[in-house]
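# Architecture and fold: a report
The chain contents come next:
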Amino acid sequence: MQNTEFLKKAEDSKPILYTETVCIPGRTEPMKDGDEAVFDFGNHYVGYPEITFETVGHHPDAPLYFEVQFAEIAEELDQDTDSYNGWISRSWIQKEAVHMDVLPGTYRFERRYAFRYVRIRILSVSGNYSVVVKELKADTVTSADDAALVKVPFTGKDKRLDEVSVRTLRSCMQDVFEDGPKRDRRLWLGDLRLEALADYETYRNYGLVKRCLYLFAGSTLADGRLANNMFMAPEVECDDQTMFDYTLFFINTLWDYWSHSRDTATLRDLEPVCMRQYELLKECFDEDDLLDMNKAGNVFIDWNFQLDKQASGQAVYIYALKDLVKIRSELGKDTDELIREIERKTEAAKSLYDAEKGVFISGPGKQISLASQVWMVLAGVTNQETGQAVMENALQQNAVGMNSPYAYHHYIQALIETGQKDKAYREMHVYWGGMIERGTDTFWELYNPADPSSSPYGGIVVHSFCHAWSCTPAYFLRKYFRPQENQ
Ligand code: RAM
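Overview of the structure. In every chain, residue numbers begin from 1 and rise along the written sequence. Local features in this predicted model are restricted to residues whose pLDDT is 70 or higher, and side-chain atom pairs enter the listing and the counts only when it is 80 or higher, whereas totals over whole chains, interfaces and linings include all residues. Only hydrogens and water are set aside when side-chain values are computed; all heavy atoms of the structure are taken into account.

## Description of the sheet that holds strand S8 (residues 187-188)
At least two bridges found by DSSP between two strands is the condition for calling them paired. Helix and strand assignments follow DSSP, with helices taken as H or I runs no shorter than four residues and strands as E runs no shorter than two, numbered in order from the N terminus. The sheet built from three strands is open, its strands ordered S8-S9-S10 with antiparallel pairing. The outermost strands of the open sheet, each flanked by one partner alone, are S8 and strand S10 (237-238). Taken together, the two bridges between S8 and strand S9 (residues 229-231) define a ladder with antiparallel strand orientation. Bridge pairing in S9 links Trp188 to Asn229.

## Focus: the site of the ligand
Near the ligand you find 13 residues, and of these Arg183, Asp191, Tyr246, Glu445 and His467 are the closest. We define a polar contact as two N or O atoms separated by no more than 3.5 Å, with the added condition that, inside protein, one atom must be a possible hydrogen donor and the other a possible acceptor, whereas residues neighbouring each other in sequence contribute only through side-chain atom pairs. With respect to the ligand, the side chain of Asp179 contributes an N or O atom lying 3.3 Å from an oxygen atom. Asp184 is positioned with one of its side-chain polar atoms (N or O) 3.2 Å from an oxygen atom of the ligand. Here the term charged refers only to Asp, Glu, Lys and Arg, the term nonpolar to Ala, Val, Leu, Ile, Met, Phe, Trp, Tyr, Cys and Pro, and the term polar to all other amino acids, Gly among them. When its residues are assigned to classes, the shell around the ligand shows seven nonpolar, one polar and five charged. Near is defined per residue: the residue qualifies when any heavy atom it owns lies within 4 Å of the molecule or strand.

## Remarks on the layout of surface pockets
Both cavities and pockets are sets of points on a 1 Å grid over the protein atoms alone; in a cavity a 1.4 Å probe fits but cannot get out, in a pocket the set is open with protein on both sides within 12 Å along at least five of seven lines, and lining residues sit with an atom within 4 Å of a point. Grid points are joined across faces, edges and corners, and a volume is the space filled by probe spheres set on the points. Quantified by volume, the largest pocket comes out at close to 490 Å³. Among the residues making up the lining of the largest pocket, the classes are represented as 13 nonpolar, six polar and nine charged. A domain assignment, automatic or from a database, supplies the domain bounds used here. Counting only domains with at least three residues in the lining of the largest pocket, you end up with domain 1 (18-142) and domain 2 (150-485). In this model, the second largest pocket occupies a volume close to 420 Å³. Along the wall of the second largest pocket there are 21 residues; nearest its centre are Asp256, Tyr319, Asp323, Glu417 and Tyr475. Mapped onto the lining of the second largest pocket, the elements with two or more residues apiece are helix H3 (189-201), helix H5 (244-261), helix H8 (310-330), helix H12 (405-417) and helix H14 (473-480). Of the residues belonging to the lining of the second largest pocket, the class tally is eight nonpolar, five polar and eight charged.

## Digging into the pattern of salt bridges
Here, a salt bridge means any side-chain nitrogen of Lys or Arg that lies within 4 Å of a carboxyl oxygen of Asp or Glu. With the rule as written, the count across this model stands at 35 salt bridges. Arg160 is paired through a salt bridge with Asp441; the nearest N and O atoms lie 3.7 Å apart. Of the two residues, Arg160 sits in helix H2 (residues 156-172) while Asp441 sits in the loop between helix H13 (421-437) and H14, which places them 281 residues apart along the sequence. Only protein chains enter the accessibility calculation, which uses a 1.4 Å probe; a residue is then buried when its area is under 20% of its type maximum, exposed when over 50%, and partly exposed in between. You can call Arg160 partly exposed: its relative accessible area is 31%. Residue Asp441 is classed as buried on the basis of its relative accessible area of 8%. Several salt bridges share partner residues, and in doing so they unite Asp40, Arg116, Lys159, Arg160, Glu163 and Asp441 into one network.

## Let's talk about unusual backbone geometry
In this model, Leu103 is joined to Pro104 through a cis peptide bond whose omega is -5 degrees. Tracing the backbone through its elements, the reader meets Pro104 in the loop between strand S4 (95-100) and strand S5 (105-108). Of note, the amide linkage connecting Arg183 to Asp184 takes the cis form, showing an omega dihedral of 0 degrees. Mapping Asp184 onto the fold places it in the loop between H2 and S8. Despite not being glycine, Lys366 shows a phi value in the positive range, around 50 degrees. With respect to the helices and strands, Lys366 occurs in the loop between strand S12 (359-360) and helix H10 (370-378). Here Lys366 falls in the exposed class, since its relative accessible area comes to 54%.

## Some remarks on the packing of aromatic side chains
Think of a pair of aromatic rings as described by two things: how far the centres are apart, and how the planes are tilted against each other in angle. Two aromatic rings from Phe, Tyr or Trp, using only the six-membered ring of Trp, form a pair when their centres are within 6.5 Å; if the ring planes differ by under 30 degrees the pair is stacked, by over 60 it is edge-to-face, and anything between is tilted. Throughout the structure, instances matching the rule amount to 42 aromatic pairs. An aromatic cluster is defined as three or more aromatic residues linked by ring pairs; in this entry it consists of Phe41, Tyr45, Phe53, Phe66, Phe70, Tyr107, Phe109, Tyr113 and Phe115. Charge-over-ring placement is defined geometrically: NZ (Lys) or CZ (Arg) within 6 Å of the ring centre, and within 35 degrees of the ring normal. Between the NZ or CZ atom of Arg167 and the centre of the ring of Tyr45, over which it lies, the distance is 5.0 Å. When the ring centre of Phe249 is taken as reference, the NZ or CZ atom of Arg193 above it lies at 4.3 Å.

## Here's the deal with the state of the cysteines
Where two cysteines share a covalent bond between their sulfur atoms, that bond is called a disulfide. By convention in this document, the label disulfide applies to cysteine sulfur atom pairs within 2.5 Å. If you walk through the whole model with that rule in mind, you get zero disulfides. We note that Cys238 lacks a disulfide partner, and the nearest cysteine sulfur, in Cys212, lies 15 Å from it. The thiol of Cys274 is unpaired, and the distance to the nearest cysteine sulfur, on Cys212, comes to 15 Å.

## So, the nonpolar core
What we call a nonpolar core is a set of buried Ala, Val, Leu, Ile, Met, Phe, Trp, Tyr and Cys residues that are connected through their side-chain atoms within 4.5 Å. Ranked by size, the top nonpolar core spans 129 residues in total, and within it Phe244, Tyr246, Phe250, Leu270, Met391 and Trp432 carry the most contacts. When residues of this core are assigned to domains, at least three map to each of domain 1 (18-142) and domain 2 (150-485). By size, the runner-up hydrophobic cluster in this structure holds 28 residues, among which are Tyr45, Val68, Val118 and Val125.

## Let's talk about the packing of H8 against helix H9 (residues 336-350)
The geometry of H8 relative to H9 is characterised by a closest axis approach of 10 Å and an angle of 160 degrees between their N-to-C directions. Considering their axes alone, H8 and H9 lie roughly antiparallel with respect to each other. Crossing handedness for the pair H8 and H9: left-handed. Judged by residue contacts, Gln314, Tyr317, Ile318, Leu321, Lys322, Leu324, Val325 and Arg328 of H8 engage Leu338, Ile339, Glu341, Ile342, Lys345, Thr346, Ala348 and Ala349 from H9. Across the contact of H8 with H9, the residue classes break down as 10 nonpolar, two polar and four charged. Angles here are taken between N-to-C directions and fall from 0 to 180 degrees, while the axes themselves are lines fitted to C-alpha atoms, restricted in helices to the stretch in contact. Each angle gets one of four labels, with under 35 degrees taken as roughly parallel, over 145 as roughly antiparallel, 65 to 115 as roughly perpendicular, and the rest as oblique. Here a crossing is called left-handed whenever its near helix is offset anticlockwise from the far helix by less than a right angle, and right-handed whenever the offset is clockwise. In this analysis, two residues are considered to be in contact whenever any of their non-hydrogen atoms come within 4.5 Å of each other.

## Structural notes on the side chain of Glu201
Note that Glu201 resides in helix H3. Although Glu201 is buried, it forms no salt bridge, and the closest oppositely charged side chain is Arg482 at an N-O distance of 4.6 Å. Excluding anything up to four places from it in sequence, Glu201 contacts Val150, His260, Ala474, Tyr475, Arg478 and Lys479. Asp and Glu count as negative and Lys and Arg as positive, but His and the ends of the chain are not part of the count.

## Observations concerning empty space enclosed by the protein
On inspection of all chains with the given rule, the structure shows two cavities of 30 Å³ or more. Roughly 50 Å³ of volume is contained in the largest cavity. Residue lining of the largest cavity: Glu75, Arg438, Trp444, Leu446, Pro452, Ile460, His463 and Phe465, and that is the complete set. Taken as a whole, the second largest cavity holds about 30 Å³ of empty space. Taken together, His44, Tyr45, Val46, Thr140, Val141, Thr142, Arg167, Arg170, Ser171 and Gln174 make up the lining of the second largest cavity. Looking at the lining of the second largest cavity residue by residue, the classes come out as three nonpolar, five polar and two charged. Residue contributions to the lining of the second largest cavity reach at least three from each of two domains, namely domain 1 (18-142) and domain 2 (150-485).

This is the structure:
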């Protein structure tokens, strides 16, 4: 269902794209069939690359045929791209083969790439000439305004953690808040919520958040349900897939947006969209007020196929409704029904607490996971003390862990909310710092320190190594660990 008024508002908030040309030297060695070389731009960029070739020998009497691969991290280049056979399309692999008929000359890529490293392999020239890669350039793009970046005088490892987070967000800020500029290059609701939180502490591009909210509201499924992600081209169109938790996060994203921007006109416009999600999703519970997973459909929470998502899904519902109450109160609307609904669902959530084990359990298998505890904390189902205890107890009982920085974000937030700021700080440095130790300039979609090569997709070559939902150390550091507060 398209809402042209909302889509027009989204269009009116289209961001300016800032461009900058970056340039690195090539090498002097002439290259022939089978030769290859890797070039390093020195940081992560998103943009349109070009390569300038010169020739040595006779006048080129056959085209240059070369292969190029763009990589966000060096490890990506070590992957065997031909053997990738996972369920996500191999077309995401940033590799192409090119013919050039006129040499010397410059080849410009029409496709936008996300990269730091570029590998060029010569597939074929002719016996009469060799090529020299003279120079590589890229016209980079981002909607992040570097002049607007809020400066905070972090030092040491905080400085680097903040820098890498900000770089991640910057590269994902394009025409919309993308999830990752390599993959999927689109607007996802769960990612948007975290990007917006980081944006409020860094670039403060409220207009881009507003645009993304109106885009979701402007193209929905037939019953008004929000999709989990949106396509921008050739026309704005929502995907036909939903996720229980992502749908609900629209409510939190709107409330966070209002809390920073005080844009009441947008709050008023989009409150009915939030209410529609509530009306649709309140039907997903059983007679005991517990989330019925058959009705809930897909619940994301983390990239973890082992995770039982009933308890965390229940908590996300409560968490979202609490912000819906705030939205409606701000607009002077009635909240009684919502408050009763929150009470009922909170009571039901408490029934998932296993007093013997001191943790919340989830699903028919009574699974213990860290995610279930974290979400119960964030939803306010526990008090501070119990919240601390359930997370601690789960960890001691070999709980199902977390795989993505997205899930880790919520763990860090839950530690802070249960009064464990020091632990939150340490854990944040251990987890995101682990990626930094591996030499990255941007944070990744997936990172499991115990098994860095694991992938829900069937191979890390399709992973996004600059992924928006991973940029939140900048939010945590700036909001809770500013230098003056630590002294
Ligand atoms: C992946 C994307 C996106 C995420 C969804 C659930 O396809 O990387 O960031 O929100 O999964």
